[in-house]
Amino acid sequence: MPPAGERILMSPAPIKPTATLPAGPSGPPVVVTCRDGGQICEGHLGRLEALDDAVFAALAGDASSFDEAARLWRQARQAAAGRLPAGLVEESRRQYVRHAQAVLSGKTLPPAPTPEQKLAATQVLALLAE
């Protein structure tokens, strides 16, 4: 839940990054260092970004995104067992839960969440509880 008085912006479409990481077949592999000091390769970062896009699109009421979000979420949980930095998938899960709770409580920026968005938030919470 956001702190009292804080509202979360509901985006009608997934937010795309405005910049890409430099990479090329001749250059060194791109590695991103996380807040906890763990590192993640560009491929895993791309998968997590795709997961974010799918989950937030589902929370915005895009019913077709839920199946993709579910598939990517299950893959991310399996990958977290060995290849992703400790806590990275859990950090994403916490953000999804926080956003879904904001949708359910109506603590989002106008317009107010639709019944379809509230249903989607419930479905996302159920998925994350698996």
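Residues numbered from 1 in each chain as written. Predicted model: local features only at pLDDT ≥ 70, side-chain atom pairs only at ≥ 80, totals over all residues. Heavy atoms only, no water.

Draft legend 1. How the structure looks around helix H4 (residues 115-129). The end-to-end C-alpha separation of H4 is 21 Å, in line with the 21 Å expected for 15 residues at 1.5 Å each. The complete set of buried residues in H4 reads Gln-117, Ala-120, Ala-121, Val-124, Leu-127 and Leu-128. Mapping the buried residues of H4 onto a view down its axis gives an arc of 120°, with all of them on the same face. The exposed set on the far side of H4, more than 90 degrees from its buried face, consists of Pro-115, Leu-119 and Ala-129. (Helix = DSSP H or I, 4+ residues; strand = E, 2+ residues; numbered from the N terminus. Expected span 1.5 Å × (residues − 1). Buried < 20%, exposed > 50% of the residue type's maximum accessible area, 1.4 Å probe, protein only. Arc of directions from axis to C-beta.)

Draft legend 2. View of the confidence of the model for the protein. Of the residues in the protein, 70% have a pLDDT of 70 or more, and the chain-wide mean is 76. When the criterion is pLDDT under 50, residues 1-23 qualifies, and its contacts beyond four places in sequence or with other chains add up to 41 contacts. (pLDDT = per-residue confidence, 0-100. Contact = heavy atoms within 4.5 Å.)

Draft legend 3. Geometry of helix H3 (residues 88-105). With 18 residues, H3 extends 26 Å between its outermost C-alpha atoms, agreeing within 8% with the 26 Å of an ideal straight helix rising 1.5 Å per residue. Every buried residue of H3 is listed here: Leu-88, Val-89, Ser-92, Tyr-96, Val-97, His-99, Ala-100, Ala-102 and Val-103. Note on H3: the residue one or two positions beyond its end, Gly-106, has a positive phi of about 80°.

Draft legend 4. Inspection of the nonpolar core at higher detail. Leu-51, Val-55, Leu-59, Trp-73, Tyr-96, Val-124 and Leu-128 are the most contacted members of the largest nonpolar core, which has 22 residues in total. If you list the elements that add at least two residues to this core, you get helix H1 (42-59), helix H2 (63-80), H3 and H4. With residues near it in sequence (within four places) discarded, Tyr-96 still touches Leu-48, Leu-51, Asp-52, Val-55, Phe-56, Leu-59, Trp-73 and Leu-128. (Core = buried A, V, L, I, M, F, W, Y, C linked by side-chain atoms within 4.5 Å.)

Draft legend 5. Up close: the packing of H3 against H4. Interhelical geometry of H3 versus H4 gives an angle of 150° and a closest axis separation of 9 Å. Of the possible angle classes, the one that applies to H3 and H4 is roughly antiparallel. Where H3 crosses over H4, the handedness of that crossing is left-handed. Each of Arg-93, Tyr-96, Val-97, Ala-100, Val-103 and Leu-104 in H3 lies in contact with H4, whose residues at this interface are Gln-117, Lys-118, Ala-121, Thr-122, Leu-125 and Leu-128. Broken down by class, the residue content of the contact of H3 with H4 amounts to 8 nonpolar, 2 polar and 2 charged. (Axes fitted to C-alpha atoms, helices over the stretch in contact; angles between N-to-C directions. Parallel < 35°, antiparallel > 145°, perpendicular 65-115°, else oblique. Left-handed = near helix turned anticlockwise from the far one by under 90°. Nonpolar A, V, L, I, M, F, W, Y, C, P; charged D, E, K, R; others polar.)

Draft legend 6. Spatial organisation of the packing of H1 against H4. One can describe the packing of H1 onto H4 by two numbers: an axis separation of 7 Å at closest approach and a directional angle of 135°. On the basis of the axis angle, H1 is oblique to H4. Of the residues in H4, those in contact with Val-55, Ala-58 and Leu-59 of H1 are Gln-117, Ala-120, Ala-121 and Val-124.

Draft legend 7. Highlighting the environment of Gln-75. Among the structural elements, Gln-75 can be located in helix H2. Taking C-alpha positions, Gln-75 is 9.5 Å from Leu-51, a pair spaced 24 residues apart along the chain.

Draft legend 8. Focus on the pattern of salt bridges. Summed over all chains, the structure comprises 4 salt bridges. Between Glu-130 and Arg-74 there is a salt bridge, and its shortest N-O distance comes to 2.8 Å. Residue Glu-130 is found in the segment after H4, and its partner Arg-74 is found in helix H2; the two are separated by 56 residues along the sequence. Notably, a salt bridge pairs Arg-94 with Glu-90, separated by 3.8 Å at the nearest N-O pair. Linking Arg-94 with Glu-90, this pair stays in helix H3, spanning 4 residues, or about one helical turn. Residue Arg-94 is classed as partly exposed on the basis of its relative accessible area, which comes to 46%. Note on Glu-90: relative accessible area 33%, which makes it partly exposed. Through salt bridges with shared partners, one network takes in Glu-90, Arg-93 and Arg-94. (Salt bridge = Lys/Arg side-chain N within 4 Å of Asp/Glu carboxyl O.)

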